[in-house]
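# Remarks on the overall topology
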Amino acid sequence: GGDEFAVLLESVDGAGGGSGGSSRAKSTCSLSSCASAYWTRPWARSRKRCRSLTAVQLLEGYRKRELSPVEVARDVLARIEKFNPRLNAFCFISDSILEDAKESEARWLAGRPRGLLDGVPVSIKELVRVKGWPASMGSKLTDKTPVDADAPAVARLREAGAIVFAQSTSSEYGHKGVTDSPLR
């Protein structure tokens with residue numbers, strides 16, 4: 001509600017917009033490529049709870065140092081690794097998710113989050129352009145050359161500090177409500 005948003009605004013008071021995100025992206029990630037976070041409370045207490053938290057609750061956890069953007073990103077990757085082979089929910093996963101989470105964590109530790117979404121993991125539908133990622137549109141027919149600029153919505157998410165970590169699978173050209181993509 002409105003009270004949650006007021007708390008969120010207070011927690012990032014003075015946070016300015018950033019210059020956007022990185023274009024480093026590949027289709028694989030390594031769960032072991034990130035160092036441990038130095039957070040005040042043990043992550044294990046919050047790990048199961050994290051999976052059902054809203055963006056506002058994640059941000060409040062970061063502000064209170066009860067949650068770590070790095071550990072949230074690790075949990076996201078672990079869930080993708082476990083379920084995506086069966087569900088095909090994501091067609092592309094950035095290899096910079098852990099690096100982006102470390103940068104977010106450093107900003108939170110310094111008391112200077114980038115914006116209202118700093119450290120919140122966000123996936124983007126495959127139909128929306130993400131700099132450095134292929135724009136397959138769910139089709140085998142499209143050019144897989146990485147695009148050279150973020151769509152405006154993606155740019156705004158990055159400016160607010162969101163961690164853009166994956167493209168969610170789309171039906172071919174997004175032409176129907178059921179997602180059964182020919183790509184895997």
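Scoring rules and cut-offs
- Residues numbered from 1 in each chain as written.
- Predicted model: local features only at pLDDT ≥ 70, side-chain atom pairs only at ≥ 80, totals over all residues.
- Heavy atoms only, no water.
- Helix = DSSP H or I, 4+ residues; strand = E, 2+ residues; numbered from the N terminus.
- Buried < 20%, exposed > 50% of the residue type's maximum accessible area, 1.4 Å probe, protein only.
- Contact = heavy atoms within 4.5 Å.
- Areas by Shrake-Rupley, 256 points an atom, 1.4 Å probe, with all protein chains shown as cover.
- Pairing = 2+ DSSP bridges.
- 1 Å grid on protein atoms, 1.4 Å probe; cavity = no way out; pocket = protein on both sides within 12 Å on 5 of 7 lines; lining within 4 Å.
- Points joined across faces, edges and corners; volume = space filled by probe spheres on them.
- Nonpolar A, V, L, I, M, F, W, Y, C, P; charged D, E, K, R; others polar.
- Axes fitted to C-alpha atoms, helices over the stretch in contact; angles between N-to-C directions.

### What about the overall build of the protein?
Summing up its helical and strand segments, the protein has six helices and three strands in all. Listing the helices and strands of the protein from first to last along the sequence gives α-α-α-α-β-α-β-α-β. Looking at the protein as a whole, 45% of its 184 residues are labelled buried. The contacts in the protein between residues at least 6 apart in sequence include a share of 77% that link residues at least 24 apart. In the structure as shown, the protein presents an accessible area of about 9,800 Å², 52% of it carried by carbon and sulfur atoms.

### Comments concerning the environment of Ala106
On the secondary structure map, Ala106 appears in helix α5 (residues 97-109). With 36 residues separating them in the primary sequence, Ala106 and Val70 have C-alpha atoms 10.0 Å apart.

### Quick word on the environment of Leu59
If you trace the backbone, Leu59 turns up in helix α3 (residues 55-63). A residue is classified by how much of its surface remains accessible, and Leu59, at 0% relative accessible area, is buried. Spatially, the C-alpha atoms of Leu59 and Leu116 are 8.1 Å apart, while their sequence positions differ by 57 residues.

### A short note on the pairing of strand β3 (residues 163-168)
Of all six residues in β3, six are buried; the element is thus mostly enclosed. Pairing of strand β1 (residues 90-93) with β3, which is carried by three bridges, proceeds in the antiparallel orientation. Looking at β3, one finds that Ile93 is bridged to Ala166. Relative to β3, strand β2 (residues 121-125) runs parallel, the two being bridged by five bridges.

### Things to note about the layout of surface pockets
Rolling a probe over the atoms, with the probe sized like a water molecule, indicates the empty space that remains. Its volume calculated, the largest pocket comes out at about 330 Å³. Forming the walls of the largest pocket are 19 residues, and the residues nearest its centre are Arg51, Asp75, Val76, Arg79 and Phe165. Going through the elements one at a time, α3 and α4 (69-87) are the ones with two or more residues in the lining of the largest pocket. Its residues placed into classes, the lining of the largest pocket shows 14 nonpolar, two polar and three charged.

### Side note on the sheet that holds β1
Strand-to-strand pairing in sheets goes through backbone hydrogen bonds, with the strands running parallel or antiparallel. The strand order across the open sheet formed by three strands is β1-β3-β2, and the pairing between neighbours is mixed. With one partner strand each, in any of the chains shown, β1 and β2 form the two edges of the open sheet. Looking at each pair of strands side by side, their axes are set apart by 35° on average, direction ignored. The sheet strands contacting α4 are β1, β2 and β3, and the helix crosses β1 at an angle near 140°.

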